[in-house]
Amino acid sequence: MIITLTLNAAVDKAYHINGTVEPGTVMRVHTCRNTAGGKGLNVARVIKLCREDVMPSGLAGGSTGALLEQLASRDGLNSRFVHVDAETRCCINILDEKNRSTEFLEPGEEVTGQEMERFMEEFEKICTDAEVVTMSGSVPKGVRKDIYRILVEQVKSRGKKVILDTSGELLKEGIEAGPHMIKPNQEELAMLLGRPVATIEQVKEAAMELHDKGIEYVVVSLGKDGALLVCDQGILHGIPPKIKAVNTVGCGDSMVAAFAVAFRQGYAPRESLKYAVAVSAANALSDRTGHFEPEELERIYPGVRIQNLAAVK
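Scope of this entry: the structure provided in the associated data block.

Conventions used here
- Residues numbered from 1 in each chain as written.
- Predicted model: local features only at pLDDT ≥ 70, side-chain atom pairs only at ≥ 80, totals over all residues.
- Heavy atoms only, no water.
- Helix = DSSP H or I, 4+ residues; strand = E, 2+ residues; numbered from the N terminus.
- Polar contact = N/O pair within 3.5 Å; in protein donor to acceptor, adjacent residues only side chain to side chain.
- Contact = heavy atoms within 4.5 Å.
- Pairing = 2+ DSSP bridges.
- Axes fitted to C-alpha atoms, helices over the stretch in contact; angles between N-to-C directions.
- Buried < 20%, exposed > 50% of the residue type's maximum accessible area, 1.4 Å probe, protein only.
- Phe/Tyr/Trp six-rings, centres within 6.5 Å; stacked < 30°, edge-to-face > 60°.
- Parallel < 35°, antiparallel > 145°, perpendicular 65-115°, else oblique.
- Left-handed = near helix turned anticlockwise from the far one by under 90°.
- Nonpolar A, V, L, I, M, F, W, Y, C, P; charged D, E, K, R; others polar.
- Salt bridge = Lys/Arg side-chain N within 4 Å of Asp/Glu carboxyl O.

A separate point is the side chain of Ser 280. Inspection of the secondary structure puts Ser 280 in helix H9 (residues 269-284). Reaching out from Ser 280, the side chain makes a polar contact with the backbone oxygen of Cys 251 at a distance of 3.1 Å. In contact with Ser 280, not counting residues within four places along its chain, are Cys 251, Ser 254 and Met 255.

Written out as structure tokens, the structure reads:
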């Protein structure tokens, strides 16, 4: 079983428009799709497509929270959210005729300390049968910035692998607990370490620095250039074949999902990276967030190249 945690879940609204976004005008939406969103819900949908048992969890509140749970159920997900008084947020992604994405992300209403204490008690029970736990995204107002450090320590103490995918202070605090894997992009790495991380050499140095702090898998997503993995077995670069992307939202979440499946299945690092890069690329070919067509994955997977860049000293 894999548990995916989304503390700042959302109802995601994908607006498809004809033409391009024009500020200061009335824009007519051609089609609209509501989805159970937040990074961990995207992860959960992809894990299910990868044919692994998954249970999404997190916080849900109000009528929007009820809709979130209905949408998750519609996707075939057996979720287990902890209910709070704060209304679950909505997030909007506007996709124009050139497949360019413009996102509006609500922050999430305030959650009380008492509600978070209750959540942590429930989450410990939720994770009882899990082998892998993913923790993704931002947190609502009122949630302490070291929450991921606390949760990673809690889950690790029970012998479970934890993947942490967040940014800023949440990531800085979270890595102190030594999650099994983190997945920053280059911008998030630069913010974390306080220096430019633009070239592959800079990415390698930054990822090795974090690996040396005790994080077994440091995965850096590189967009169309795939991903870099630093682990005890070396520094690997996974490169996808060229594709014509339709929607890149959720590609990072798809990569997290694939690594969670790989850990659950006991894949070696090279195999894990190849699988994760292929799943991420397949997601980019779908107009749905956190989704891929199995036949696209089968087509892409053989074309993913893995380069061995160096051994870890």
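With mixed pairing, the four strands of this open sheet are ordered in space as S3-S2-S6-S7. Only two strands of the sheet have a single partner each, and these edge strands are strand S3 (29-37) and strand S7 (101-105). Within the sheet, the average angular offset between the axes of one strand and its neighbour, ignoring direction, is 20°. Along the sheet, helix H2 (residues 62-74) makes contact with strand S2 (10-17), S3 and strand S6 (89-95), crossing S3 at roughly 90°.

What follows is about the environment of Pro 184. Assignment of secondary structure puts Pro 184 in the loop between strand S10 (181-182) and helix H6 (186-193). With relative accessibility at 1%, the residue Pro 184 sits in the buried group. Separated by 13 residues in the primary sequence, Pro 184 and Leu 171 have C-alpha atoms spaced 8.9 Å apart.

Applying the stated rule across the entire model yields five aromatic pairs. On the numbers, 5.0 Å between centres and 90° between planes, the contact of Tyr 217 with Phe 263 is edge-to-face. Of this pair, Tyr 217 sits in strand S11 (residues 217-221) while Phe 263 is found in helix H8 (residues 251-265), placing the two residues 46 residues apart along the sequence. With a relative accessible area of 8%, Tyr 217 lands in the buried category. Using a relative accessible area of 11% as the deciding quantity, one classes Phe 263 as buried. Arranged with centres 6.1 Å apart and planes meeting at 45°, the rings of Phe 259 and Phe 263 form a pair that is tilted.

This paragraph deals with the packing of helix H3 (residues 113-126) against helix H4 (residues 147-156). Running from amino to carboxyl end, H3 crosses H4 at an angle of 25°, the nearest separation of the two axes being 11 Å. On the basis of their axis angle, the class for H3 and H4 is roughly parallel. As H3 packs across H4, the resulting crossing turns out to be right-handed. When H3 is examined against H4, the residues Met 116, Phe 119, Met 120, Phe 123 and Glu 124 are found in contact with a partner set consisting of Ile 147, Ile 150, Leu 151, Gln 154 and Val 155. Class assignment of the residues belonging to the contact of H3 with H4 gives a composition of eight nonpolar, one polar and one charged.

Turning to the environment of Val 84, a few remarks are in order. With respect to the secondary-structure elements, Val 84 resides in strand S5 (residues 80-84). Along the sequence, Val 84 and Glu 110 sit 26 residues apart, while their C-alpha atoms lie 9.7 Å from each other. Not counting residues up to four positions away in its chain, the partners in contact with Val 84 are Leu 59, Ala 60, Gly 61, Gly 62, Val 111, Glu 115 and Arg 118.

One pass over the structure, following the stated rule, counts 18 salt bridges. Residues Glu 52 and Arg 264 are paired through a salt bridge, measuring 3.8 Å at the closest nitrogen-oxygen approach. Of this pair, Glu 52 sits in the loop between helix H1 (39-49) and strand S4 (54-61) while Arg 264 sits in helix H8; the two residues are 212 residues apart in sequence, bridging distant segments of the chain. We classify Glu 52 as buried; its relative accessible area is 10%. The closest approach of N and O atoms between Glu 153 and Arg 149, which form a salt bridge, is 3.6 Å. Of the two residues, Glu 153 and Arg 149 are both situated in helix H4; the distance of four residues between them amounts to about one turn of the helix. A residue is classified by how much of its surface remains accessible, and Arg 149, at 23% relative accessible area, is partly exposed. A cluster of three or more residues bridged by salt bridges with shared partners is formed by Arg 144, Asp 146, Arg 149, Glu 153 and Glu 173.

Note that every value here comes from positions in space, so none of it alone points to a role or purpose.
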